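Next come the chains, spelled out residue by residue.
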Amino acid sequence: AFPPLVAPGVALGLRRALAAGGSYESGLERQLTEALSATSCNVVDQTTSGCGQAFSISIEAESFKGKSRLQRQRMVQEVIKEDIAKWHAVTIQTKVPGE
């Protein structure tokens, strides 16, 4: 069981990832890959002690084709908005295959 201070959305994501035998990061990768039909996705925990959770996301998807950098970032943020709301920082790098 998770401590009561963990938000329900984060706890659900953690439970799904752990039930599938993966980490929180791999759960986020699966969620983003499925939602955006990504050809590659990498989520790295860059958390250092004391400042809150921080993640770096690199994702490649055809669905980004013809979209501005801001539109791409918003697409990623929309998929994991409940998680992002609990983080201190996130860096998102997006690209279309072949870029």
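Residues numbered from 1 in each chain as written. Predicted model: local features only at pLDDT ≥ 70, side-chain atom pairs only at ≥ 80, totals over all residues. Heavy atoms only, no water.

**Observations regarding the nonpolar core**
How we decide: Buried Ala, Val, Leu, Ile, Met, Phe, Trp, Tyr and Cys residues form a nonpolar core when they are joined through side-chain atoms within 4.5 Å. Each residue is placed in one exposure class: buried if its accessible area under a 1.4 Å probe, protein chains only, is under 20% of its type's maximum, exposed if it is over 50%, and partly exposed if it falls in between. Counting from the N terminus, the helices are DSSP H or I runs at least four residues long and the strands are E runs at least two residues long. Any pair of residues with heavy atoms lying within 4.5 Å of one another is described as a contacting pair.
Leu32, Ile57, Ile59 and Val76 are the most contacted members of the largest nonpolar core, which has 17 residues in total. Among the elements of the structure, α2 (24–36), β1 (38–45) and β2 (54–61) are those that each provide at least two residues to this core. What Leu32 contacts, discounting residues up to four positions off in sequence, is Ser37, Cys41, Val43, Ile57, Ile59, Val76, Val79 and Ile80.

**Structural notes on the pattern of salt bridges**
Condition: Only one rule defines a salt bridge in this text: a Lys or Arg side-chain nitrogen within 4 Å of an Asp or Glu carboxyl oxygen.
Scanning the model with the defined rule gives 3 salt bridges in all. The partner of Lys95 in a salt bridge is Glu60, and the shortest N-O contact between them spans 3.6 Å. You can see Lys95 sitting in strand β3 (residues 89–95) and its partner Glu60 sitting in strand β2, a full 35 residues away along the chain. A salt bridge links Glu78 to Lys81, with the nearest nitrogen and oxygen atoms 2.8 Å apart. Overall, the relative accessible area of 48% leaves Lys81 in the partly exposed class.

**Digging into the packing of aromatic side chains**
For clarity, the threshold we go by: A pair of Phe, Tyr and Trp rings is counted when the ring centres sit within 6.5 Å of each other, with Trp represented by its six-membered ring. The angle between the planes then sorts it: under 30 degrees is stacked, over 60 is edge-to-face, the rest tilted.
Throughout the structure, instances matching the rule amount to 2 aromatic pairs. Residues Tyr24 and Phe55 carry aromatic rings whose centres are separated by 5.7 Å and whose planes lie at 55 degrees to one another, so their mutual orientation is tilted. Of this pair, Tyr24 sits in helix α2 while Phe55 sits in strand β2, placing them 31 residues apart in sequence. Take Tyr24 and Phe55: they sit in the same class, and that class is buried. Between Phe55 and Trp87, the aromatic rings sit 4.5 Å apart at their centres with planes inclined by 40 degrees, giving tilted as the arrangement. Of the two residues, Phe55 is situated in strand β2 and Trp87 in the loop between α4 (81–84) and β3; the sequence distance between them amounts to 32 residues. Summarising the burial analysis for this pair, Phe55 and Trp87 share the class buried. What links up through ring pairs into an aromatic cluster is the set Tyr24, Phe55 and Trp87.

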